[in-house]
Each structure stands twice: as structure tokens, then as C-alpha cells.
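# Examination of the molecular architecture
Each chain, written out:
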Amino acid sequence: MTMTAEEQSSEGQHTIPMEGDDITLKRDGGVLKLVKREGTGTELPMTGDKVFVHYVGTLLDGSHFDSSRGRGEKFSFELGKGQVIKAWDVGVATMKVGELCQLICKPEYAYGSAGSPPKIPPNATLVFEVELFEFRGEDITEEEDGGIIRRIITKGQGYSKPNEGATVDVTVVGTYEGLVFDERELKYEVGDGEGLGLPVGVEKAIMAMEQEEEALFNIKPKYGFGNAGNAKYNIPGGATLQYKIKLTAFEKAKDSWEMNTVEKLEQSNIVKDKGTQYFKEGKYKQASVQYKRIVSWLENESGLSEEDEKNAKALRLAAQLNLAMCFLKLQEASQALESCNKALELDACNEKALFRRGEALFGMKEFDRARDDFQQVVQLYPANKAAKTQVSHCQKRIKEQHEKDKRIYANMFQKFADRDSKKEAENVKSEGKASGEDGMEVENGEKEVASEEKA
């Protein structure tokens, strides 16, 4: 609806006309919008987008109470997240980039009966002039590296989100350069996505969603199919993907605090077998997800019976050893080292932990430390021929490193010697040149005298 009459109050006529289109869902006149300058394009900001605006806020009598322009800095907020008054979430969602508009906001869409002392009195109707400069999607990555950007089409219900191991019902539509390459309805367990041909970014996206949410996700190569691409879908390496995902329903996996010891031990055995199956299939990332769940469930358990403590320790040890193996396969040596160290905290002389730590250190080019681990394996487990072979490999690399260092230092010392010789020669030359110039001056002087005498 459009209102053009000026609002009256007990204080008399207001100076700002109450005009504009009612843009509230309820059509209750709570937010009136008057476009002063049209924006460009057709796209509007979505829930969760970060928007950048300038605004000037006034009361109905025309008195200013706030202005971003006065501060000389644009104001930004995440749309639809309740970070600003309700009128702004309603009004800015209708704006295009470059648009300038006036929003007249009733108290129930602003600061209500409380107001915002001292500048905004109770039950105040507010007027904002708002200009939209830019909006961008929400970065949902932990690193905030822009790798997964979300734009919400339909806001979800509630606040709960799927966790690792949750069973989800989703519809996914993957596109690359405008062409659909994957369109499916799936019901699966979060963590199993790689086996279904879903990139890691899709699972991260799903874990950020609420039930019944539908959203668009822009996924960079790091979270997509990487530099390798995907031959099945004809996706080249380094491709940025777009996915439209709808989370129809989900059932969260039990968190650690929701399970008793018996349940944790039972579930740990189940996911251990699942991880082992993934490992045999060469799906090392998926396998590592399962082993990490065991660690999260059992690493802080206390007050267990002797039997349960024994079983929990065995499962934790197996999980750390298997994690180390997954990380070695994935060429993530530093993480493999960390898992081996945790395994050795549980069993200081564990053969596999020592051997795999040696492999991790070898991969990190710390050959001295790697040799020490392999030698310890040989001392504790003389039948381990692989460890003996690895000791030889380490000795060879250490020798190569020493020879390389010798060459580097020899060249370095030679360079220093050449530099000093050159510098000394330059000094001698400089001294000689200075002496010659003095002689020339004397000689010239003598010639001049002789010439005078002759004249």
C-alpha cells in the first residue's frame, strides 16, 4: 500500500511526510519505502549477505540522530541476521546496488517502546535515508579465505545444523560455467560425501545449513575438485564450482556428551571398521574422518572400569596409528607426526608408532631424527627388516646432506676469500692511483716553472 498523508501526533504536524510503499510481509505499514534514485541490475541482496551502506537517520521532526556519512565510513552488516533493527533487514533486502531510498520505520520495526536514549525517545517513528553500495555472500570457511561463499535463497528453520556423521536428506545441483554436471537427491551420512562424488566444500556447506534451507554456494578449487579436476564430470583442474543445495531434513549424530561409555565404545568399534574399509578403498580422507571421531569420543573419558579403560585405550591407540597412516598416504607429514606422538603417549615402545614417526620425519627431511626412530625400532624389534632398510636410507641422506653442506660452505668460504682478495687489490690500486695523481701535479708544476723561466 502507498501512504501519502502526513502523520499527526499529540505534538502536532510532523515535518516529514509519511509516504512510500509498504514493504512489510504483513502489510501493516511498519516500513514505508520511497525510492529516491534507482539502482542498477536486477539482483537483490539475500539473507546472510554482507551489505555496505551509507545512511542518515532522523526523527519525524527532521532532527538528525545518527549518520554514517558524518563519520565518513560505510556501515556493514549481515542481512537478515538480526544485527540491525527489523526495518533495515526488511528494507535493505529490497534494494539494488546504487539505489538511494527513504525508509520510514514504525516503532515496532525500530526501537519500540524502549527507544534508544538519549537520542531516540520511546515509541519513535524513524526515518532513514539509505544508499546501498555493495553486497557479497557469506564466507562459511573456518579460515575465512573466501573458499566457500553462501547466498541463502530460503532461510531454514531453527538453529540446529548437521554435524559429522549426521544423516542428511539433500538435493544438490552442481554447475560449472553455467552447465549442470551433477543433479541428485541424496540421503547419506556426512563424512561419506567423497565416495558419492561430492567435493569437500559441499559437505562443509551442508554442515552450515539449517533444516529446509536452500542456498547457493560458490566453491573455489581448494574446496572443490582441486588442481586434479574430475574426469567423470568433465571438470578441469582449478575450476570454481557452483552448487545449489536444499537441506530437506537431517538427524544429528550423537555428540560425545550425549553418549554413555558403552555407547561410545560401541560406536567407536563401528566407525573403526568403517574407516578401515575406506582405507582399503584408498579413500584416506574419509577414513581419517572416522578415526578422528573415535579420538573425539574417547580421549577425555575418565572414571572408567578397568575393562572399559583397557578397551578405550586400545581403540584410541588404533585410531591414532591409523590416522598417522592416512596422513602419510595424503603426504601430510606434520599431521602424521602429531598422531604418532599421541600414539606413543599411550604406548611408548609401539613398533608401528615409532616406524611411522620415522617415516613422517623422513618426509619432513629431518633425517637425523628419523634415523633415531628407525634405530629404536631395530633395537626393540630386531626382526623388523624394513626399519633396518630405512636406517640405511637415512644414513645415505645424512651423508648427502653433509656433502652438500660442505660444498656450500666451501663455495661460501671461497667467495669470502675472493671478495677479500678483490677488496685488497682495489685498495692497493686506489692507493697507487692517489700517489700518481700527486706526482702529476708536481710534474705539471715543474713544467710550468720551466716554461716561465724560458719566457
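These notes cover the structure that comes with them. Just so we're clear, the structure is a prediction, and the values are computed from it rather than from any experiment. (Residues numbered from 1 in each chain as written. Predicted model: local features only at pLDDT ≥ 70, side-chain atom pairs only at ≥ 80, totals over all residues. Heavy atoms only, no water.)

### Quick look at the pattern of salt bridges
So the rule is basically this: By convention in these notes, a salt bridge is any Lys or Arg side-chain nitrogen within 4 Å of a carboxyl oxygen on Asp or Glu. Under the scheme used here, helices are H or I runs from DSSP no shorter than 4 residues and strands are E runs no shorter than 2 residues, and both carry numbers assigned from the N terminus. Relative accessible area decides the class of each residue, using a 1.4 Å probe on protein chains only: under 20% of the type maximum gives buried, over 50% gives exposed, and in between gives partly exposed.
On inspection of all chains with the given rule, the structure shows 28 salt bridges. In this structure, R37 engages E131 in a salt bridge whose closest nitrogen and oxygen atoms are separated by 2.6 Å. Here the residue R37 occupies a position in strand β5 (residues 31–37), and E131 occupies one in strand β10 (residues 126–136), the gap between them amounting to 94 residues. By relative accessible area, which is 12% here, E131 ends up buried. Between R71 and D66 there is a salt bridge, and its shortest N-O distance comes to 2.8 Å. For D66, a relative accessible area of 27% corresponds to the partly exposed category. A network of salt bridges, in which partner residues are shared, links E78, K81, E138, R150 and E213.

### Focus on the state of the cysteines
Short version of the rule: Note on terminology: pairs of cysteine sulfur atoms within 2.5 Å are recorded as disulfides.
Taken as a whole, this structure holds 0 disulfides when the rule is applied. Not part of a disulfide, C105 finds its nearest cysteine sulfur in C101, a span of 9.3 Å.

### A short note on the pairing of strand β9 (residues 100–105)
Rule in force here: Think of it this way: DSSP has to see at least two bridges between two strands before they count as a pair.
Among the 6 residues of β9, 6 are classified as buried, and the element is accordingly described as predominantly covered. Two elements, β9 and β10, share 6 bridges in a ladder whose sense is antiparallel. Bridge pairing links L100 to E131 in β10.

### Considerations on the packing of helix α4 (residues 261–280) against helix α6 (residues 306–329)
Put simply, the rule reads: What counts as an axis is a line fitted to C-alpha atoms, over the stretch in contact for a helix, and the angles between N-to-C directions run from 0 to 180 degrees. Oblique is the label for every angle not falling under 35 degrees (roughly parallel), over 145 degrees (roughly antiparallel), or within 65 to 115 degrees (roughly perpendicular). Two helices cross in a left-handed way if the nearer one is turned anticlockwise from the farther one by less than a right angle. They cross in a right-handed way if the turn is clockwise. The contact criterion used throughout is that any non-hydrogen atoms of two residues lie within 4.5 Å.
Running from amino to carboxyl end, α4 crosses α6 at an angle of 25 degrees, the nearest separation of the two axes being 11 Å. The angle between the axes of α4 and α6 places the two elements in the roughly parallel class. The two elements α4 and α6 meet at a crossing, and its hand is left-handed. Contacts between α4 and α6 involve T261, L265, S268, N269, K272 and F279 on the former and, on the latter, D308, N311, A312, L315, A318, M325, C326 and K329.

### A short note on the packing of helix α8 (residues 351–363) against helix α9 (residues 367–380)
Using the following cut-off: Just so you know the grouping, Ala, Val, Leu, Ile, Met, Phe, Trp, Tyr, Cys and Pro go in nonpolar, Asp, Glu, Lys and Arg go in charged, and all remaining residues, Gly too, go in polar.
Contact pair α8 / α9: the axes reach a minimum separation of 8 Å and the direction vectors enclose 160 degrees. Classified by the angle between their axes, α8 and α9 sit roughly antiparallel to one another. Of the two elements, α8 crosses α9, and the hand of that crossing is left-handed. Side by side, α8 and α9 meet where E351, L354, F355, R357, G358, E359, L361 and F362 of the first sit next to F367, R369, A370, D373, F374, Q376, V377 and L380 of the second. Among the residues forming the contact of α8 with α9, the class breakdown is 9 nonpolar, 2 polar and 5 charged.

### Some points on helix α5 (residues 284–298)
The cut-off we apply is this: An expected span of 1.5 Å times one less than the residue number is assigned to each helix.
Between the first and last C-alpha of α5 there are 21 Å, a value that for 15 residues agrees with the 21 Å anticipated at 1.5 Å per step. In this fold, the buried residues of α5 make contact with β14 (179–189), α4 and α6.

### A few points about the side chain of S268
Following the sequence through the fold, S268 ends up in helix α4. By relative accessible area, S268 is classed as buried at 0%. If we ignore the near neighbours within four places in the chain, the residues touching S268 are I294, W297, L298 and L315.

### Here we look at the packing of aromatic side chains
Aromatic rings in a pair are described by how distant their centres are and how their planes are angled relative to each other. Quick note on the threshold: Centres within 6.5 Å are what make two rings of Phe, Tyr or Trp a pair, Trp counting through its six-membered ring; a difference in plane orientation under 30 degrees is then read as stacked, over 60 as edge-to-face, and the rest as tilted.
In this structure the tally under the stated criterion is 15 aromatic pairs. Between F65 and F128 the ring centres are 5.6 Å apart and the planes differ by 85 degrees, which places this aromatic pair in the edge-to-face class. Of this pair, F65 sits in strand β7 (residues 64–67) while F128 sits in strand β10; the two residues are 63 residues apart in sequence, bridging distant segments of the chain. The buried category is assigned to F65, whose relative accessible area is 10%.

### Quick notes on the sheet that holds strand β15 (residues 214–219)
The strand order β11-β12-β15-β16-β13-β14 describes an open sheet built from 6 strands, whose pairing is antiparallel. Two strands in the sheet have a free side with no partner beyond their single neighbour: β11 (138–139) and β14. Relative to β15, strand β12 (residues 148–154) runs antiparallel, the two being bridged by 6 bridges. For I148, the partnering residue across the bridge sits in β15 and is I219.

### Observations concerning the nonpolar core
The following threshold applies: Residue types Ala, Val, Leu, Ile, Met, Phe, Trp, Tyr and Cys, when buried and joined through side-chain atoms within 4.5 Å, form a set referred to as a nonpolar core.
Membership of the largest hydrophobic core comes to 35 residues, with the highest contact counts inside it found for Y291, I294, L298 and F374. Mapped by element, the contributors of at least two residues to this core are α4, α5, α6, α7 (333–346), α8, α9 and α10 (385–454). When residues of this core are assigned to their parent elements, the largest contribution, 8 residues, is made by α6. Not counting chain neighbours up to four residues away, the residues in contact with L298 comprise K264, L265, S268, A312, L315 and R316. Core analysis: the second largest hydrophobic core is formed by 29 residues, V168, A215, I235 and L241 among them.

### A look at unusual backbone geometry
Here P117 and P118 are connected by a cis peptide whose omega angle stands at 5 degrees. Examined against the element boundaries, P118 turns out to sit in the loop between β9 and β10. In the Ramachandran plot, N234 falls in the positive-phi region, its phi being about 60 degrees despite a non-glycine side chain. Relative to the elements of secondary structure, N234 occurs in the loop between β15 and β16 (241–251). The exposure class assigned to N234 is exposed, which follows from its relative accessible area of 65%. The phi torsion at Q331 lies on the positive side, around 60 degrees, for a residue other than glycine. If you trace the backbone, Q331 turns up in the loop between α6 and α7. Exposure remark for Q331: the relative accessible area of 72% places this residue in the exposed category.

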